[in-house]
Amino acid sequence: MAILHIYDVNVPEEEALLKKHSRPVEAVTPRIKTLLDDMYETMLDAAGVGLAAPQVGVLRRVVVIQIPDEKRINLINPVVVSKEGEQTGEEGCLSVPMLAGIVTRPMKVKVEALDENGQPVAVEGEGLLARALCHEIDHLDGVIYTDLATEMIEYSSEPEEPQDAEEPARRKKNRRKQH
Ligand SMILES: [Zn+2]
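Our subject in this report is the structure included herewith. (Residues numbered from 1 in each chain as written. Predicted model: local features only at pLDDT ≥ 70, side-chain atom pairs only at ≥ 80, totals over all residues.)

1. Here we look at the overall build of the protein
On a plain count of helices and strands, the protein comes out with three helices and nine strands. Reading the helices (α) and strands (β) of the protein from amino to carboxyl end gives α-α-β-β-β-β-β-β-β-α-β-β. Within the protein, the proportion of its 179 residues that are buried is 33%. Taking as baseline every contact in the protein between residues at least 6 positions apart, the subset at least 24 positions apart corresponds to 63%. (Helix = DSSP H or I, 4+ residues; strand = E, 2+ residues; numbered from the N terminus. Buried ≥ 20, exposed ≤ 12 C-beta atoms within 10 Å, placed from the backbone. Contact = placed C-beta atoms within 7 Å.)

Listed below in structure tokens is the structure:
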């Protein structure tokens with residue numbers, strides 16, 4: 001396995017690729033399995049919960065997700081087939097460093113895809129998994145969550161001293177409305 005370069009929206013050529021549509025995978029070849037493994041290793045290295053192939057510069061409909069304490073999920077040509085409910089919460093992206101945003105997503109989704117062996121799979125996700133599935137599948141259509149966020153939160157590169165005991169010891173810097 002290998003750790004791949006994660007494309008960053010702050011680099012113009014990389015942003016241009018991140019905004020493109022990815023093509024379906026026609027056959028699950030050893031090359032696709034290697035891509036999945038490399039994406040998984042890259043995601044873990046970056047402490048993410050999901051990664052889509054365009055984020056490593058590959059315009060193919062391939063996604064890997066791992067929510068903490070859950071199994072790794074490999075998805076090839078994933079499609080959201082049903083959505084239920086709504087959740088509004090904070091979301092970040094490995095391709096958008098130092099920012100998070102408030103995004104409304106379905107509370108539950110069902111996704112159909114192929115797995116790493118080319119077999120059809122259905123994944124039902126709720127809460128964080130539903131959010132991750134929607135976020136990663138959006139990447140395959142060139143959609144980045146910042147386009148959907150109602151509010152953005154900036155993080156500084158160094159953790160700041162908490163203002164008081166109530167302030168969580170996180171890197172929250174300030175909030176601004178996105179226009
Ligand atoms: Zn992302």
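2. Considerations on the environment of Lys 83
As for its placement among the helices and strands, Lys 83 is situated in strand E3 (residues 73-84). A sequence separation of 22 residues divides Lys 83 from Arg 105, and the C-alpha atoms of the two residues are 9.2 Å apart. With sequence-adjacent residues up to four places away left out, Lys 83 is seen in contact with Pro 106 and Val 109.

3. A short note on unusual backbone geometry
A negative phi angle characterises most non-glycine residues, just as the trans form characterises most peptide bonds. In this structure, Asp 69 is a non-glycine residue whose phi angle is positive, near 70°. Within the secondary structure, Asp 69 sits in the loop between strand E2 (62-65) and E3. Backbone geometry places Met 98, a non-glycine residue, at a positive phi of 65°. With 13 C-beta atoms packed within 10 Å, Met 98 lands in the partly exposed category.

4. Some words on the nonpolar core
Ranked by size, the top nonpolar core spans 39 residues in total, and within it Met 39, Val 62, Val 63, Val 64, Ile 65 and Leu 133 carry the most contacts. Those elements that place two or more of their residues in this core are helix H2 (30-45), strand E1 (50-52), E2, E3, strand E5 (96-105), strand E6 (108-114) and helix H3 (128-140). If one sorts the elements of this core by residue count, H3 sits on top with seven residues. Those residues in contact with Val 64 that lie beyond four places of it in its chain are Leu 36, Met 39, Tyr 40, Met 43, Gly 50, Leu 51, Arg 72 and Asn 74. (Core = buried A, V, L, I, M, F, W, Y, C linked by C-beta atoms within 7 Å.)

5. Here's the deal with the sheet that holds E3
Strand pairing in a sheet relies on backbone hydrogen bonds, with the paired strands running either antiparallel or parallel. Pairing is antiparallel across the open sheet formed by five strands, whose spatial order is E1-E2-E3-E6-E7. A single partner strand is all that each edge strand has here, and the edge strands are E1 and strand E7 (120-126). Averaged over all neighbouring strand pairs, the angle between strand axes comes to 35°, with direction disregarded. In terms of strand pairing, E1 meets E2 through three bridges, oriented antiparallel. (Pairing = 2+ DSSP bridges. Axes fitted to C-alpha atoms, helices over the stretch in contact; angles between N-to-C directions.)

6. A short note on H2
Three- or four-residue spacings in an α-helix give side chains the same orientation, since the helix completes a turn every 3.6 residues. The end-to-end C-alpha distance of H2, which contains 16 residues, comes to 22 Å, matching closely the 22 Å that a straight helix rising 1.5 Å per residue would cover. Among all positions of H2, only Ile 32, Leu 35, Leu 36, Met 39, Thr 42 and Met 43 are buried. For H2, the angular spread of the buried residues around the axis is 130°, confining them to a single face. Away from its buried face, by an angle of more than 90 degrees, H2 presents the exposed residues Pro 30 and Thr 34. Against E1, E2 and E3 lie the buried residues of H2. After H2 finishes, the residue Ala 47 shows a positive phi value of roughly 60°. (Expected span 1.5 Å × (residues − 1). Arc of directions from axis to C-beta.)

Just geometry here; none of it tells us what the structure is for.
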